[in-house]
Amino acid sequence: LPHLNDHIKSNKGLIGYSDASWHKCDELGYDMFGYCIFMYGGLISFAAKRLKVIALSSAEAEYAAASYTSKEVMFVRNVCDSLGIKLNGPTVLAVDNEAAIKIADNRGVTARNKHFQDAVHYIRHVIDFNYIRLAFVRTNNQRADGFTKPLAKPQFREWCKYLING
């Protein structure tokens, strides 16, 4: 995210990545999502979880993943505030689905989102209050990718190296 590098640096390197799998359900029929959050160049929080919504599109799955991830980002921001670490503006949350970003940024009900559960609209709240800013990241730069799907050996090694070295 070269165009946001200065903003991320001014926020102590705080950046989150969220990713979802869609149509790659686990044994219980749920899609997976994962996130990783970096600060000061190091990994400070990560998870791979079941997406507790039945997503009808990849955009809905990515939107729900970003919404759940934003709750963890808000927790990190609150810890920073408690520790006296000053953050400047919203935290960047990288998502690799442009439709999900548009859904989050556009208020109101549309044909694309009228069936979404209210629980996944938390992301709109934190965007409205300027705590989080969604940014598009290409799949090959999606640092949460390995939490949602198996990667080929070269991609897996590159992903691990990035998680360890920031």
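On a predicted model such as this, the values are computed, not experimentally measured, just so you know.

**Student:** Would you mind showing me how to read unusual backbone geometry here?
**Tutor:** Outside of glycine, negative phi angles account for most residues, and trans bonds account for most peptide bonds. Here the phi dihedral of K12 falls at roughly 60°; this positive angle occurs in a residue that is not glycine. Secondary-structure assignment places K12 in the loop between α1 (5-10) and β1 (15-20). Among the residues examined, K12 registers a relative accessible area of 26% and is labelled partly exposed.

**Student:** How do you make sense of the packing of aromatic side chains when you look at a structure like this?
**Tutor:** Scanning the model with the defined rule gives seven aromatic pairs in all. Ring geometry for F156 against W159: centres 6.0 Å apart, planes inclined by 40°, an arrangement best described as tilted. Here F156 and its partner W159 are both found in helix α5 (residues 153-165), three residues apart, which amounts to about one turn of the helix. F156 gets classed as partly exposed once you look at its relative accessible area, which sits at 41%. The class for W159 is buried, based on a relative accessible area of 11%. Above the ring of Y162, the side-chain terminus of R143 is found at 3.8 Å from the ring centroid.

**Student:** For this particular structure, what's the right way to read the pattern of salt bridges?
**Tutor:** Within the structure shown, the criterion is met by three salt bridges. Between D145 and K149 there is a salt bridge, with its nearest N and O atoms 2.6 Å apart. Linking K161 and E158 is a salt bridge whose minimum nitrogen-to-oxygen distance equals 3.4 Å. One end of the pair, K161, and the other, E158, are both in helix α5, three residues apart, so they sit about a helical turn from each other. What makes K161 partly exposed here is its relative accessible area of 45%. For E158, a relative accessible area of 45% translates into the label partly exposed.

Conventions used here
- Residues numbered from 1 in each chain as written.
- Predicted model: local features only at pLDDT ≥ 70, side-chain atom pairs only at ≥ 80, totals over all residues.
- Heavy atoms only, no water.
- Helix = DSSP H or I, 4+ residues; strand = E, 2+ residues; numbered from the N terminus.
- Buried < 20%, exposed > 50% of the residue type's maximum accessible area, 1.4 Å probe, protein only.
- Phe/Tyr/Trp six-rings, centres within 6.5 Å; stacked < 30°, edge-to-face > 60°.
- Lys NZ or Arg CZ within 6 Å of the ring centre and 35° of its normal.
- Salt bridge = Lys/Arg side-chain N within 4 Å of Asp/Glu carboxyl O.

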